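Each chain, written out:
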Amino acid sequence: MATIAPPQRPQVRREPTAYDALKEHFAAHPEERLQHTQPWDVSRSDIYFNDTWQPIFAEMRAAGPLHYIPESPFGPYWAVVGHKAIQHIEALPEAFSSSWEHGGITILNPLTAEEAAAAGHAPRELPMFIAMDRPQHTGQRRTVAPKFTPSAMTDMEAEIRARTGEVLDRLPRGETFDWVENVSIELTTGMLAILFGFPWEDRRLLTLWSDWAGDTELATVREMDELRWSFLQEMGAYFQSLWIERTMDKEPGNDLISMMLHSPAMNQMRPEEFMGNLVLLIVGGNDTTRNTMSGIIHALDKFPDQRKLFEEKPELIPNAVQECLRMQTPLAHMRRTCTEDTEVFGQMIRKGDKVVLWYLSANRDEDVFDNADKLDITRDNARRHLAFGYGIHRCVGARLAELQLKVLLEEMHKRRMRVHVAGDVERVRANFVHGFRKLEVEITEF
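Below, the structure is looked at part by part. As the structure is a prediction and not an experimental result, all values here were calculated from the model.

Reading the values: the criteria
- Residues numbered from 1 in each chain as written.
- Predicted model: local features only at pLDDT ≥ 70, side-chain atom pairs only at ≥ 80, totals over all residues.
- Heavy atoms only, no water.
- Helix = DSSP H or I, 4+ residues; strand = E, 2+ residues; numbered from the N terminus.
- Rg over C-alpha atoms; globule rule 2.2 N^0.38 Å.
- Buried < 20%, exposed > 50% of the residue type's maximum accessible area, 1.4 Å probe, protein only.
- Contact = heavy atoms within 4.5 Å.
- Areas by Shrake-Rupley, 256 points an atom, 1.4 Å probe, with all protein chains shown as cover.
- Lys, Arg positive; Asp, Glu negative; His and termini not counted.
- Charge placed at Lys NZ, Arg CZ, Asp CG, Glu CD.
- Expected span 1.5 Å × (residues − 1).
- Bend = angle between axes of the 7 residues up to and from the residue.
- Salt bridge = Lys/Arg side-chain N within 4 Å of Asp/Glu carboxyl O.

Moving on, we come to the overall build of the protein chain. When you go through the protein chain residue by residue, the secondary structure sums to 16 helices and ten strands. On C-alpha atoms alone, the protein chain measures out to a radius of gyration of 22 Å, which is about the 22 Å that the 2.2 N^0.38 rule sets for 446 residues. Of all 446 residues assigned to the protein chain, the portion counted as buried reaches 56%. Summarising the internal contacts of the protein chain: among those between residues at least 6 apart in sequence, 75% fall at separations of at least 24. For the protein chain, the accessible area works out to roughly 19100 Å², and carbon and sulfur atoms hold 51% of it. In the protein chain, 51 side chains carry a positive charge and 67 a negative one; their mean positions are 4 Å apart.

If you want it as C-alpha cells, here you go:
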C-alpha cells in the first residue's frame, strides 16, 4: 500500500539570536535607546538589567497601590503595584480587557494601520488565547488545559525526572559553567519539545523563536520589525509542517498540536492566530520556567542560610518552589485595557486607559509578605504569589512549571549538589520577561 510522504521541513535560520541582533543594533545606534523622563516610569528596561527595581516599586507601594504615569515611550499608563489592587483588577475581566483588539497583554503599543502602511505592510497582529476575552478565551484555553491537569502531571513526572537527572549528571565538576545554557534552557526546551511532539534534534529552535517573539525591547525597534517578523514566519511554517503531519495520523495524538487540530475551538484558526498561540505556548512554557530555574540558584546562593535549610530539610522543597517563584517573578507585568470608566481604590480609570499590572511589585508587597525582599523557604503564605497571574488568565501551565522546579530541586538534593555563583551574572534587559541571560556557577557537594 502506498504511503503519503510527510511534508518537507521548511528551511529555517538558527541565527542570529534576538539578543545578538539587538545588541548589535544598539551598538551602532546608541541614541535609539528609549528615553524615560518620569521617575516612576517602571517600563524602563535598565532597572531590571541592573537589578535596581526594588526600591522604586517600594516607594510607589508606600504612596498607594496604583499610580498614573503620564508619559513614557509606550504612552501614558496606570502602574498597578499593590497585590490586592492587581487581584481586584484581574477579577474584573470585562472591565479590564486582555484582548489583542484593545492592545493585548504587554505594555507595547501595537502599530496603528497608518504606521503599518508607512512601513509598507498590513497591521501584524498575533491573536492568542491569553490575549482574548470571553467567550473566545474560554474555548481555546479549554483545548490545551487537559495537557496540564494533575493526572497529566502524574503521567509526565517520571520522564521529567529522568531527563532532569541526565542533565544534572552531565554537568562539569570543578569548573565554572553557565547554568542558564546548560540547565535552564536545556530542561525547558526539552519539555516544550515533548509537549509539542517537536523534532528533538531541532528543539533549540524553540528557544530561538521564544526570544524573537517575547523580547519587548526588540519590538520597540522599528528597523528590526522585518527581521523579527521573518523569524516568526519561519516558526509558523515549521509548525505548519507538523500540523500537516498530524492530520495524517490515524489516531489523534496527545501533543499540543494534535489537541489543537482536533478542537472545534482551534482547528479553524487563521494563520496569524495559529502563530499567536504558538508564541503564547512557547514563551509561556520557555521563559517562565527557564528564568525561575536560574532564579532559584541565584537566590539560594544569595541567601546561604536558606540553602542550608534546603540541604537539611528536603521536605521544604514544595514550599521552596513557591517562594522562589515569588522572588523571581519570571514575567514582570501583564497589561489590561479599561473598557468602561471604573473606580479602583479611589482612582478613576477611564475607558481606553492602559493598565499595567506589575506582578514583580505585588510579590514584594510588604502588606502581604513579611520581609518581602528576603528568601524564606519556610514562608507560610508563599503560595499567595502572583507569578502566574490571577483569575481567568492565570497561567494554564502553572502545574507543569511547579513540577519541573520541584523535580529539579529534588534531583539536585539527591546528588547533594551545592551550586555557587562563581562568575558573570547577566540579567535580561527587558520590562516583560524577567530573568537571566547568563549565570556562571560552580558545583560542589554538601
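From this point, the narrative continues.
Compared with an ideal rise of 1.5 Å per residue, which puts 20 residues at 28 Å, helix H7 (residues 150–169) spans 28 Å between its outermost C-alpha atoms and is within 8% of the ideal. A maximum bend of about 40° is found in H7 at Met156. When we look at burial in H7, the residues that qualify are Ala152, Met153, Met156, Ile160, Arg163, Thr164, Gly165, Val167 and Leu168. At its buried positions, H7 is contacted by helix H8 (179–196), helix H16 (398–414) and strand S9 (417–427).

If you walk through the whole model with that rule in mind, you get 32 salt bridges. The residue Asp51 makes a salt bridge to Arg427 at a minimum N-O spacing of 3.4 Å. Of this pair, Asp51 sits in the loop between helix H2 (46–49) and helix H3 (54–63) while Arg427 sits in strand S9, placing them 376 residues apart in sequence. A residue is classified by how much of its surface remains accessible, and Arg427, at 14% relative accessible area, is buried.

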